[in-house]
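Examination of the molecular architecture
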Amino acid sequence: MAESFVFQTAGKILGKLTSLAVHEIGLIWGVKKDFKRLQLTVSAIKAVLLDAAEQKKKNRQVEDWLEKLQDVLYDVDDLLDDFMTEDLRRKLVIKGSKRKAVKNFFSSSNSLALRITMSHKLKNIRNRLEDIDADRKQFELVERAPDSLVAYPLREQTHSFVQASAVIGRDLDKNKIKGHVEGLRSLQYLWIEHCDHLESLLGEMKNFTALRYLSISECPSLTSLPSESMKYLKSLEMLSICQCEKLDLLAEEHTMMELPRGLLSLALQGIPKLKELPRGFENAAATIKCITIMDCPSFEILPEWLQNCASLTKLHLVNCVLLKSVPLGMHQCTALRELRIINCSKNLIEKCKWETGKYWPCISQTPENYLKGLKFKNSH
């Protein structure tokens, strides 16, 4: 039944490519045409997948084609997530810190290099997908409606995109918000911004089972999140909390909060009361790929469970002046490709120094390390 996963992944990718979020990223990153070509190719392939599912029963070559397609589609999905993560980081930097070291690191030269790298990755994957699309033509596959495949009755997921202004608006109170959230079970993208009087989010959020991207920013009165509801957000892949000065994730009301398994990206910025990550965040350890902690002046310790994050590829720690150590088991994060430690304690910077620092054995396996704005590439 691999073709059912291929069909679902193709639908998921099309949902991303047709969202306003990715449309905006395409414009800003200068890859709008590449995204459009990718969308057309995926759409053309998806239209014949149901016929391919039938033909593979009598044609081994079609089965091989489906397996190759599945691998490429997973890479496409991962790359789109990378684009969204990098764009989120760009927005956090623009909204947040103005300190010199951070400004230097995210300078035009670094930005240009990142754009070039991401653009090359996109073109490479697009070419791979177009090659597979060319191969499908030899099988003379035809378009079929989803309900024509009785063995695999699939229904394409509904994709929604709702901006904060459309769902919540500015300065609405809790009762008004409640009237907006009901009936949004298909919601996938949710921004909550500039709600000056918002003190808490509703427990009804547990009904957002399709929600994939949640961003909460510049809500100065926010003190609590829906602790019991977070774990029910089974589809959540990206969580960003930014500039929420009163939020205390270690408060008693958050002791039961668990991040959903399946979360890929976590970004926390401008949360003065954050001293460490809540214990329930460990729930996402198996899948988390990117963690960013920025402008959290009270943050002082990284959890030991971080060493169990087998999928972690990027860890960014910026302007966390009290942070003085990293877990001794960090070397177990074999997937880690990029570590940034900028404007943290001088003691930590010293202990992470190339070859001589106490923590160097813990991070030496990481190909790219950025310490105090300087970049080191490890040969191994």
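This one's a predicted model, so the numbers in the text were calculated from it and none came from an experiment. (Residues numbered from 1 in each chain as written. Predicted model: local features only at pLDDT ≥ 70, side-chain atom pairs only at ≥ 80, totals over all residues. Heavy atoms only, no water.)

1. A closer look at the pattern of salt bridges
Oppositely charged side chains are able to pair whenever their charged atoms sit close together. Across all of its chains, the model carries 13 salt bridges by this definition. One salt bridge in this structure joins Arg60 and Asp64, with 3.2 Å as the shortest N-O distance. Here Arg60 pairs with Asp64, and both are found in helix α5 (residues 60–95), just 4 residues apart, close to one helical turn. Residue classification places Asp64 among the partly exposed residues on the basis of a relative accessible area of 27%. Of the charged contacts in the structure, one is a salt bridge between Glu237 and Arg212, with a shortest N-O distance of 3.1 Å. With Glu237 in the loop between α10 (227–230) and β3 (238–242) and Arg212 in the loop between β1 (189–193) and β2 (213–217), the pair connects residues that are 25 residues apart, well separated along the chain. If you follow the salt bridges from partner to partner, you end up with Asp34, Arg37, Lys123, Arg126 and Glu130 in one network. (Salt bridge = Lys/Arg side-chain N within 4 Å of Asp/Glu carboxyl O. Helix = DSSP H or I, 4+ residues; strand = E, 2+ residues; numbered from the N terminus. Buried < 20%, exposed > 50% of the residue type's maximum accessible area, 1.4 Å probe, protein only.)

2. Some remarks on the packing of aromatic side chains
Aromatic rings in a pair are described by how distant their centres are and how their planes are angled relative to each other. In total, this model carries 2 aromatic pairs according to the counting rule given. When the ring of Phe35 is compared with that of Phe83, the centres are 5.4 Å apart and the planes differ by 80 degrees; the resulting orientation is edge-to-face. With Phe35 in helix α3 (residues 32–47) and Phe83 in helix α5, this residue pair connects regions lying 48 residues apart in the sequence. Judged by its relative accessible area of 1%, Phe83 is buried. Here the aromatic rings of Trp65 and Phe139 are separated by 6.3 Å at their centres, their planes lie at 70 degrees, and the arrangement is edge-to-face. With a gap of 74 residues between them, Trp65 in helix α5 and Phe139 in the loop between α7 (108–136) and α8 (164–167) connect regions that are remote in the sequence. (Phe/Tyr/Trp six-rings, centres within 6.5 Å; stacked < 30°, edge-to-face > 60°.)

3. Considerations on the pairing of strand β7 (residues 338–342)
For β7, the tally of buried residues reaches 5 of 5 residues, placing the bulk of the element in the interior. Burial of β7 is two-sided: the residues Glu338, Arg340 and Ile342 facing one way and the residues Leu339 and Ile341 facing the other way are all buried. With 5 bridges joining them, strand β6 (residues 314–318) and β7 adopt parallel strand pairing. Its bridge partner being in β7, Lys314 is matched across the sheet by Glu338. (Pairing = 2+ DSSP bridges.)

4. Some details on unusual backbone geometry
Phi at Asp295 takes a positive value of approximately 55 degrees, unusual for a residue other than glycine. By secondary structure assignment, the location of Asp295 is in the loop between β5 (290–294) and β6. Backbone geometry places Asn343, a non-glycine residue, at a positive phi of 55 degrees. Residue placement: Asn343 occurs in the loop between β7 and α11 (346–351). On the basis of relative accessible area, Asn343 is assigned to the partly exposed category, the value being 24%.

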